[in-house]
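What follows is the residue order along each chain.
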Amino acid sequence: MSLALPAGARETVRRGLAPRTVIAALVLALIIALALAAPLVAPFDPLDQDLLALNQPPGPEHWLGTDHMGRDVFSRLVIGARTTLAVGFGGALVAFVLGAGLGLVALSFGRVAETAMFALIDLVRAMPDVLLALLLIVALGAGAQPVMIALGIAFAPFFAYVARATFHREVVKDYVTAARLFGGGRLHVLRLHLAPNLVGGLVTQAAILLPRCVVTESVLSFLGLGSSPDQPTWGRMVADASHYIESSPHAILAPVIAIILLTLSLSFVGEAVRRRLDPLRAAGEAAL
C-alpha cells in the first residue's frame, strides 16, 4: 500500500522545503507571537513575588511553577521573550548596518580605503565574540541598548567579509562597467546597481548570525551584564534558577528549553533562507 502525498505537500517537497524547516518556522512564529502578545498572555506580573509560593512545581495556577522568589515562571518566560528577541534581533541589525555599510563604502573608494577598513575589521574579528561583547558592555554600561551595540560591533565583521566577497564578485561584471562608462560615480553605482545584488548574501548572513546573537545575549544576561535587572530575560532566568536547580528544576528547564527551541528554529529557518538565496543553487535549478 503506497501513501500519496497531498498536492501542496508534494510541491513543498519538490521545492526543497524540509519538514523540519516548516516545524521550525511554526515554532519561531509561535515564540514571536507570544512575545508580541506577552502582556495579554502572561497571567501574572513577572516581578510580583509571593513568599508563600516559593519553588512551587507546575500546577493549575502556575502553569510552569514558580521560582525561588515566588514569581510565576510562565509570565517571566513570555515577558522575557520580548527582551531576548528584541536585543538579539537588534544586535543583528546593528551588525548588518555597521558591517555591510562601512565595508561597502570602503570597497567603493578603492584599495587604500579597503585595506585600512578591513585591517580594523580584522582586529575586531581577532577577539572572541563573547569576550569582545563583555569588554564593550563594561565600557558602555549595562542595559538593552548597550548590549545591542556590543553585539553589533562584535558580529559586524561577518557582514563586512560577506560584503567584500560579493562586491568583488559583482564589480567585474559587465553591468557595473557599463554603469561606470555612462558616468556613474562610485556611490551611485553602489547604491543603484551593486547593492540590490548584494542583499541576498547579506540577508543570508543575517539569518545565520541571528541564533548566535540570541545565544550571546543569553550568556551576557546569565553573567549579569545584559539588560537591567527589572527586565526578565531568558539568560537571567537561567542564572537566577541555577542556584536552586535541585529544589526547583522546572524554573531552569523552562528558559533553557526556550533558548534551545529558539536557536534551533532560527538555525533551520536561516539554513532554508541561505539555500533559497544561494546564487549557485539558483543557477543550478534554472539549468534543470
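Scroll up for the structure.
Below or above, wherever it landed, is the structure these notes cover. (Residues numbered from 1 in each chain as written. Predicted model: local features only at pLDDT ≥ 70, side-chain atom pairs only at ≥ 80, totals over all residues. Heavy atoms only, no water.)

### Points about empty space enclosed by the protein
Phase 1: For the structure shown, the criterion picks out two cavities of 30 Å³ or more.
Phase 2: In this structure, the largest cavity spans a volume of roughly 60 Å³.
Phase 3: Contributing to the lining of the largest cavity are Asp67, Arg71, Val73, Arg76, Met237, Asp240, Ala241 and Ala251.
Phase 4: Among the elements of the structure, α4 (73-108) and α10 (234-241) are those that each provide at least two residues to the lining of the largest cavity.
Phase 5: With three residues, α10 is the largest single contributor of residues to the lining of the largest cavity.
Phase 6: Its residues assigned to classes, the lining of the largest cavity comprises four nonpolar, no polar and four charged. (1 Å grid on protein atoms, 1.4 Å probe; cavity = no way out; pocket = protein on both sides within 12 Å on 5 of 7 lines; lining within 4 Å. Points joined across faces, edges and corners; volume = space filled by probe spheres on them. Helix = DSSP H or I, 4+ residues; strand = E, 2+ residues; numbered from the N terminus. Nonpolar A, V, L, I, M, F, W, Y, C, P; charged D, E, K, R; others polar.)

### Observations concerning a negative patch on the surface
Phase 1: Taken together, the side chains of Asp45, Asp48, Asp50 and Glu61 define an acidic patch exposed on the protein surface.
Phase 2: The class of Asp48 is partly exposed, set by a relative accessible area of 47%. (Patch = residues over 30% accessible without salt bridge, like charges linked within 9 Å, V, L, I, M, F, W, Y side chains within 5 Å. Areas by Shrake-Rupley, 256 points an atom, 1.4 Å probe, with all protein chains shown as cover. Salt bridge = Lys/Arg side-chain N within 4 Å of Asp/Glu carboxyl O. Lys, Arg positive; Asp, Glu negative; His and termini not counted. Charge placed at Lys NZ, Arg CZ, Asp CG, Glu CD. Buried < 20%, exposed > 50% of the residue type's maximum accessible area, 1.4 Å probe, protein only.)

### A closer look at the packing of α4 against helix α11 (residues 249-277)
Phase 1: It is the contact of α4 with α11, at a shortest axis distance of 11 Å, that shows an interaxial angle of 35 degrees. The way α4 lies across α11 gives a crossing that is right-handed. Touching Val73, Leu77, Leu85 and Phe89 of α4 are His250, Ala251, Ala254, Pro255, Ala258, Leu262 and Leu266, all from α11.
Phase 2: Split by residue class, the contact of α4 with α11 holds 10 nonpolar, one polar and no charged. (Axes fitted to C-alpha atoms, helices over the stretch in contact; angles between N-to-C directions. Left-handed = near helix turned anticlockwise from the far one by under 90°. Contact = heavy atoms within 4.5 Å.)

### Remarks on the side chain of Asp129
Phase 1: In this fold, Asp129 is placed in helix α6 (residues 129-140).
Phase 2: Among all residues touching Asp129, those that are not within four sequence positions of it are Ala154, Phe155, Phe158 and Arg212.

### A closer look at the nonpolar core
Phase 1: Judged by nonpolar contacts, the single largest core of 56 residues is most densely connected at Leu104, Phe155, Leu194, Leu220, Trp234 and Leu262.
Phase 2: Counting residues per element, this core draws most heavily on helix α7 (residues 144-171), at 12 residues.
Phase 3: Counting residues in each nonpolar core, the second largest holds five residues, with Ala38, Phe74, Val78 and Ile79 among its members. (Core = buried A, V, L, I, M, F, W, Y, C linked by side-chain atoms within 4.5 Å.)

### Looking at the packing of helix α2 (residues 19-36) against α4
Phase 1: In contact at an axis separation of 8 Å, α2 and α4 are set at 105 degrees when each is read in the N-to-C sense. By the criterion of interaxial angle, the relationship of α2 to α4 is roughly perpendicular. Together, Ile31, Ile32, Leu34, Ala35 and Leu36 of α2 and Val78, Ala81, Arg82 and Leu85 of α4 make up the contact between the two elements. (Parallel < 35°, antiparallel > 145°, perpendicular 65-115°, else oblique.)

Honestly, that's just the spatial picture; any functional story needs more than this.
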